[in-house]
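Listed below are the residues making up each chain.
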Amino acid sequence: MGHGLTAKTRVLVLCGCACALVRSVPAPAHALEFSGGVSVGGIQVGIEPRLAVSPFAGWLWRSEGDFRLEAHNMLSIVPGAGVGIYDRTAVTLGYATKTTTVSLGPSLAIYSMPVCGAVICDRVVGVAPGGRAQSDWYFAGPLGVSTSVHVDWAGGSSRVLPGSLVVMVTTGPVWRIEVNPR
C-alpha cells in the first residue's frame, strides 16, 4: 500500500515541477508549429514486450528564445490476438535549435490492453499518469526523425500488471509545419 502512495507522490512532484517550468516560459508566442508522424516501437506492459504502431501529433508554441511549450498526443495500437489501444497526452517544456528539439514533461494515458502476467492473461483498462521525453532531429527541412520514451504508472493492484509500470520506446518519421502568428 505504501508503494502506491510513493508513486503517486512522485507523479505529483513531477507535475508540480513541470507547472513551475511552464510558468517560466515567456508568454508571447513567436511561432506555432504543428508536427505529426507515425512511430514504431516496443511497449512493455506486464511480462511480455509487444510491438506498437503509434500515430502522433503535436502542437508547439515557440517563444522569443529557444524554449517552447508543447502539447502532444500519441495513440498506440498494439496488434495481436486482442488488439490493444494506449492513448497518451503530454504537456512538455522543450528546447529547440534549427535542426533539433528535446522535450520533457508529464503525461496522462488512457488504455485498454490485453496483458499477460506471470499467472493469468486478462484485458486491463484504466488511466495512468506518467512522464515523457522526446527528441526530434530534422535533416531535410520539415522532415525528420522522432524518438520518444514514455514511462507510466498504471494504478491499482493487479496480478496481470506486476509493478504497475508501463514503458514504451518508439521512433519514426516526423513532419512539421510552422505558422507565424504575425
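Residue positions are given per chain, counting from 1 as you read along its sequence in written order. Two thresholds apply to this predicted model, a pLDDT of at least 70 for residue-level local features and 80 or more for giving and counting side-chain atom pairs, whereas whole-chain, interface and lining totals are computed over all residues. Values reported for side chains reflect all heavy atoms of the structure, with hydrogen atoms and water molecules removed beforehand.

**Here we look at the overall build of the protein**
- Secondary structure elements follow DSSP: runs of H or I no shorter than four residues count as helices, runs of E no shorter than two count as strands, and numbering proceeds from the N terminus. Counting its regular elements, the protein contains one helix and eight strands.
- Start at the N end of the protein and walk to the C end: the helices and strands fall as α-β-β-β-β-β-β-β-β.
- Within the span of the protein, comprising 182 residues, buried residues form 40% of the whole.
- Should any heavy atoms of two residues lie within 4.5 Å, those residues are considered in contact. Relative to all contacts within the protein whose residues are 6 or more apart in sequence, the contacts with residues 24 or more apart total 56%. The buried label goes to any residue with under 20% of its type's maximum accessible area, the exposed label to any with over 50%, and the partly exposed label to all in between, with areas taken from a 1.4 Å probe on protein chains only.

**Focus on the side chain of Thr92**
- Secondary-structure assignment places Thr92 in strand β4 (residues 84-96).
- Those residues in contact with Thr92, other than ones at most four positions away along the chain, are Arg68, Leu69, Glu70, His72, Ser103, Leu104, Gly105 and Arg132.

**Considerations on the side chain of Ser76**
- Mapped onto the elements of the fold, Ser76 is located in strand β3 (residues 67-78).
- Its relative accessible area of 0% is what places Ser76 among the buried residues.
- Here Ser54 takes part through its side chain, which lies 2.8 Å from a polar atom of the side chain of Ser76.
- Filtering out sequence-adjacent residues up to four positions away, Ser76 remains in contact with Ala52, Val53, Ser54, Gly84, Ile85, Tyr86, Arg88 and Met168. A 3.5 Å cut-off defines polar contacts: any pair of N or O atoms within that distance qualifies, except that in protein one atom must be a possible hydrogen donor and the other a possible acceptor, and neighbouring residues in sequence count only when both atoms are side-chain atoms.

**Points about a nonpolar patch on the surface**
- Patch definition: residues above 30% relative accessible area lacking any salt bridge, with like charges linked at up to 9 Å and the nonpolar side chains Val, Leu, Ile, Met, Phe, Trp and Tyr linked at up to 5 Å. Only the protein chains shown count as cover for residues, and the accessible areas themselves come from Shrake-Rupley with a 1.4 Å probe. Basic side-chain nitrogens of Lys or Arg form a salt bridge, by our definition, when they fall within 4 Å of a carboxyl oxygen of Asp or Glu. On the surface, Phe34, Trp59, Ile177 and Val179 cluster together into a nonpolar patch covering about 360 Å² of accessible area.
- Here Ile177 lies in strand β8 (residues 165-179).
- On the accessibility criterion, Ile177 (56% relative accessible area) is exposed.

Function cannot be read off these values alone, since they describe shape.
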